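Chain residues, written in single-letter form:
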Amino acid sequence: MSSIIPDTMLRKTPSLEPFGMLLLFGALTALPIVLTLRLVEPALVLPVLSLLLFVQAAITAIAARVIHVRTSVANLTLWDFAGAFTFMGCAAAILGEPDQAALFFEEEAAMRPVSRP
């Protein structure tokens, strides 16, 4: 005897992939924020955070270009993450003042040893 199971009875379990992608995005977003708050003085947090997020967006875009990942169930791709990091970097740059960025580069120049020819 053979048993026939109709296709309507077979159900696929929901994929946990969208939750994993969102968890990865949250971790990659929180990491630069926590590092910036811990390692940089308060006046320079937004310019440094902006630079870190732009670098993270560039790395994510390169990874998206090199790794051809199929579109997930939630239609989230690495390109979406690169765009989100870019938007967050732009927001941090807009909220930061240009004087803060100038302070960052002045401090970096002061920390370097003076080299004479």
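Heads up: these notes are all about the structure in this document. What you are looking at is a predicted structure, and each value in this text was computed from that prediction instead of being measured.

### Looking at the nonpolar core
Within the largest apolar cluster, eight residues are counted, these being Met-21, Phe-25, Leu-49, Leu-53, Ala-57, Leu-76, Phe-81 and Phe-85. Secondary-structure elements contributing two or more residues to this core are helix H1 (17-39), helix H2 (45-66) and helix H3 (78-95). For this core, the leading source of residues is H2, giving three residues. Setting aside its immediate chain neighbours within four residues, Phe-85 contacts Phe-25, Leu-28, Thr-29, Leu-53, Gln-56, Ala-57 and Thr-60.

### Side note on a negative patch on the surface
Together, Glu-41, Glu-106, Glu-107 and Glu-108 give the surface a local cluster of negative charge. Secondary-structure assignment places Glu-41 in the loop between H1 and H2.

### Considerations on the environment of Thr-86
The topology assignment puts Thr-86 in helix H3. Look at Thr-86 and you get partly exposed, because its relative accessible area is 32%. Put simply, Thr-86 and Ala-58 are 28 residues apart on the chain and 8.4 Å apart in space, counted from C-alpha to C-alpha. Leave out the neighbours within four places in its chain, and Thr-86 touches Phe-54 and Ala-57.

### Things to note about H2
When the terminal C-alpha atoms of H2 are compared, their 31 Å separation across 22 residues agrees well with the 32 Å that a helix rising 1.5 Å per residue should span. Along H2, the residues classified as buried are Val-45, Pro-47, Val-48, Leu-49, Ser-50, Leu-53, Gln-56, Ala-57, Thr-60 and Ala-64.

### Observations regarding the packing of aromatic side chains
In the structure shown here, the tally under the stated rule is two aromatic pairs. Taking the centre distance of 5.1 Å and the plane angle of 10° together, the rings of Phe-25 and Phe-81 count as stacked. Residue Phe-25 is found in helix H1, and its partner Phe-81 is found in helix H3; the two are separated by 56 residues along the sequence. Look at Phe-81 and you get buried, because its relative accessible area is 5%.

Basis of the calculations
Residues numbered from 1 in each chain as written. Predicted model: local features only at pLDDT ≥ 70, side-chain atom pairs only at ≥ 80, totals over all residues. Heavy atoms only, no water. Core = buried A, V, L, I, M, F, W, Y, C linked by side-chain atoms within 4.5 Å. Buried < 20%, exposed > 50% of the residue type's maximum accessible area, 1.4 Å probe, protein only. Helix = DSSP H or I, 4+ residues; strand = E, 2+ residues; numbered from the N terminus. Contact = heavy atoms within 4.5 Å. Patch = residues over 30% accessible without salt bridge, like charges linked within 9 Å, V, L, I, M, F, W, Y side chains within 5 Å. Areas by Shrake-Rupley, 256 points an atom, 1.4 Å probe, with all protein chains shown as cover. Salt bridge = Lys/Arg side-chain N within 4 Å of Asp/Glu carboxyl O. Lys, Arg positive; Asp, Glu negative; His and termini not counted. Charge placed at Lys NZ, Arg CZ, Asp CG, Glu CD. Expected span 1.5 Å × (residues − 1). Phe/Tyr/Trp six-rings, centres within 6.5 Å; stacked < 30°, edge-to-face > 60°.

That's the geometry; what it means functionally is another story.
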